[in-house]
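One letter stands for each residue in the lines below.
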Amino acid sequence: MTTESMTRHNARPWQTLKRGLALSPELGTGLLGTLVLALISTLGRGVVPVAVQIGIDEGLMASGGPDMGMVFSVVAAGTAMLVVSILTGYWMSVRLFTVSETALANLRTRTFRHIHDLSMLHQQGERRGALTARVTTDIDQISRFLQSGGIVLIVSLGQIGMAAVVMAVYSWQLAAIVIVAMLPLLWIMRTLQRILASAYARVRTTVATMLGAISETVVGAAVIRSYGVEERTKERVDTAIEDFRDAQYKAQARSVWSSIVGEASNGIALCAVVIAGVFLGASGMVTVGELTAFLFLVTLFVQPIMMATERINEAQNAISGWHRVLDVLDTQPDVTDPGADGATLPQGPVSVQFDHVYFAYPGGPMVLKDIALNLTAKSKVAIVGETGSGKTTFAKLLTRLMDPTEGEVLLSGTPLRDVTFESLRRRVVMVPQEGFLFDATVASNIRFASPMATDDELHAAIDQLGLTQWVETLPQGIHTPVGERGEALSVGERQLVALVRAYMADPDLLVLDEATSAVDPATELRLSSALDAVTKGRTTVVIAHRLSTAETSDEVLVFDSGRIVQRGHHSQLVTEEGSIYAGLHGSWLEQTRSR
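Quick caveat, the model's predicted, so the values are computed rather than measured.

**Observations concerning the packing of aromatic side chains**
Logical step 1: Under the criterion given, the structure shown has four aromatic pairs.
Logical step 2: Ring centres of Phe359 and Tyr361 lie 4.9 Å apart, and the angle between their planes is 90°; this geometry places the pair in the edge-to-face category.
Logical step 3: An aromatic cluster of three or more residues is present, and its members are Phe354, Phe394 and Phe559.
Logical step 4: The ring of Phe421 is capped by Arg425, whose NZ or CZ atom sits 5.3 Å from the centre of that ring.

**Focus on the pairing of strand 4 (residues 406-411)**
Logical step 1: As paired elements, strand 1 (residues 352-360) and strand 4 share five bridges and run antiparallel to each other. Its bridge partner being in strand 4, Tyr358 is matched across the sheet by Glu406.
Logical step 2: The sheet contact formed by strand 4 and strand 5 (residues 414-415) spans two bridges and is antiparallel. Within the sheet, the bridge partner assigned to Leu410 lies in strand 5 and is Pro415.
Logical step 3: Linking strand 4 back to strand 5 in an antiparallel pair, the connection comprises two residues, with Ser412 at a positive phi of about 50°.

**Looking at the sheet that holds strand 5**
Logical step 1: If you walk across this open sheet you meet the four strands as 2-1-4-5, and the pairing is antiparallel. The open sheet has two free edges, formed respectively by strand 2 (366-375) and strand 5, since each of these has just one partner strand.
Logical step 2: Where strand 1 meets strand 2, six bridges bridge the pair, whose relative direction is antiparallel. Bridging from a neighbouring strand, Val357 pairs with Ile371 of strand 2.
Logical step 3: Contacts from helix 14 (residues 391-398) reach strand 1, strand 2 and strand 4 within the one sheet, and its direction differs from that of strand 1 by about 120°.

**Looking at the packing of helix 17 (residues 455-464) against helix 19 (residues 491-505)**
Logical step 1: Contact geometry of helix 17 with helix 19 gives a least axis separation of 10 Å together with a crossing angle of 110°. Considering their axes alone, helix 17 and helix 19 lie roughly perpendicular with respect to each other. Considering only the axes of helix 17 and helix 19, their crossing is right-handed. Of the residues in helix 19, those touching helix 17 at Glu457, Leu458, Ala461, Ile462 and Gln464 are Val500, Tyr503 and Met504.

What counts and how
- The residue count restarts for each chain, going from 1 along the sequence in the order it is written.
- Note on the predicted model: pLDDT of at least 70 is required for a residue's local features to be given, and 80 or more for side-chain atom pairs to be given and counted; whole-chain, interface and lining totals, by contrast, use all residues.
- Derived side-chain values reflect all non-hydrogen atoms in the structure, with water molecules and hydrogen atoms excluded from consideration.
- Ring pairs shown here join Phe, Tyr and Trp side chains whose ring centres sit within 6.5 Å, with only the six-membered ring taken for Trp; geometry is labelled stacked below 30 degrees between planes, edge-to-face above 60, and tilted in between.
- Placement of a positive charge over a ring is assigned whenever Lys NZ or Arg CZ falls within 6 Å of the ring centre and within 35 degrees of the normal to the ring plane.
- Should DSSP find at least two bridges between two strands, the strands are regarded as paired.
- Where helices and strands are cited, they refer to DSSP runs of H or I of at least four residues and of E of at least two residues respectively, numbered from the N terminus.
- The contact criterion used is simple: two residues touch if any of their non-hydrogen atoms lie within 4.5 Å.
- All axes here are fitted lines through C-alpha atoms, helices being fitted over the stretch that makes contact, and every angle between N-to-C directions spans 0 to 180 degrees.
- To sort the angles, those under 35 degrees are grouped as roughly parallel, those over 145 as roughly antiparallel, those from 65 to 115 as roughly perpendicular, and the leftovers as oblique.
- Handedness of a helix crossing follows the sense of rotation of the near helix relative to the far helix, less than a right angle counterclockwise being left-handed and clockwise being right-handed.

Next up, the structure:
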């Protein structure tokens with residue numbers, strides 16, 4: 001956790017609430033009208049005790065005997081005011097629901113986009129379930145508070161003020177007694193606020209952990225079954241669920257005390273008013289109607305305070321949610337778009353320059369060390385090396401999924417940090433090793449690279465890559481659903497779709513991260529000519545798992561322990577006895593012959 005994040009977590013809940021509300025300025029839309037409706041609704045609630053006082057003192061206990069006309073008039077007026085209060089309360093609630101949902105939908109969108117803009121380092125540093133919880137359950141908790149607790153807060157403040165004024169008008173002595181009776185409750189609420197803040201922060205943390213454990217279990221179901229670790233996985237998920245249950249139980253148990261104290265304070269206030277009221281009534285300082293009305297007013301005064309104590313848990317849960325959302329929004333991406341002030345890559349094939357580049361993952365050793373090279377435009381370069389030698393990190397720096405720790409990467413002489421994302425993503429495409437697909441059809445996944453492409457254009461591209469025969473084996477051709485993460489297709493088939501998608505993007509720099517590693521030998525042969533078509537006329541960097549790719553490349557770069565230890569054409573490197581490349585090539589040939 002950053003210093004800024006720790007400072008915010010130690011800040012007062014009111015400061016967090018204030019900043020959270022500032023993130024959603026839409027909440028201020030129509031706020032004045034909502035407050036006016038709340039005022040009308042609150043005043044309507046004060047009609048009952050006033051009507052009771054007038055009905056008793058001027059109706060039932062009139063000097064000339066009961067005045068039923070006065071009683072009926074008071075009842076009619078009170079009923080009319082109650083109807084108005086109910087209608088305005090409904091209208092107020094609708095307005096508040098509409099505004100809060102609009103505001104939080106925008107906050108949800110903003111949080112999601114910020115998470116999406118974070119670099120791969122940030123995303124890899126936190127569990128996916130935890131990030132998902134920021135956009136889902138954390139903001140849902142804020143929504144519940146605004147739509148229930150928010151209404152209660154607005155109405156309660158008005159109701160407390162209205163009841164206090166009317167009580168003071170009837171008897172300042174009794175009003176003082178009620179306020180004094182409430183002081184212990186206010187002090188306990190302040191203490192509980194700090195306790196509940198910590199308790200509900202743990203609730204939000206454990207729910208994120210639970211979501212992460214469940215989502216990983218669902219996504220990794222095949223691996224879990226294949227290794228027979230169902231019981232161990234169940235224990236892990238059960239532990240996460242139990243931790244959440246325990247955190248929720250402890251938070252709720254602490255919040256119960258606010259309700260108990262509220263009930264006790266209400267009872268003490270009523271008893272004190274009755275006792276003091278009898279003495280004041282006997283001395284003629286209050287009438288029967290005023291004392292009766294006062295008992296109603298005590299309820300109107302105490303009830304919102306008690307409801308506020310019951311809403312403390314919702315408020316603290318919401319504030320904890322805001323803490324976590326603020327954590328995300330305050331995290332500054334280390335890979336940022338220069339925006340309107342950025343540069344656009346020059347048109348045409350792209351050249352590549354690494355100017356003494358170093359890279360280390362946070363808290364780890366250097367993964368790349370002093371990488372200095374120039375790749376000419378339109379060249380096809382193969383990157384080879386043992387696992388962990390730095391090949392994939394090199395590709396991520398080249399496509400600016402990450403930035404160097406030291407040094408600079410340039411494309412066509414332009415520093416990569418200065419290039420706008422719009423220009424970079426249009427001109428540079430990377431096909432990752434896993435060939436990720438979205439839960440849609442084959443055609444829809446290919447159209448991510450070219451949204452306006454027609455079916456005929458997709459078929460033409462597939463034919464140019466020599467994949468028509470394969471597509472015809474799919475149940476519905478290009479309209480075959482691929483399933484979540486593409487799991488309805490084999491790993492090799494997912495890579496084929498990813499290659500077609502890259503071809504449709506028509507980039508000037510194409511980076512293939514072992515994109516054919518899971519393709520069977522027969523398909524690899526079919527793809528060899530297709531890859532020639534894909535790479536023709538553009539700069540291509542291929543992380544080669546199978547060295548047949550290196551054999552057909554213009555140049556080969558051999559990585560070892562984060563450094564380039566060999567560089568040259570395949571025919572040159574393979575003859576260097578005892579070299580790393582000669583050893584890799586020999587091992588690959590033996591594996592190929594043994595199949």
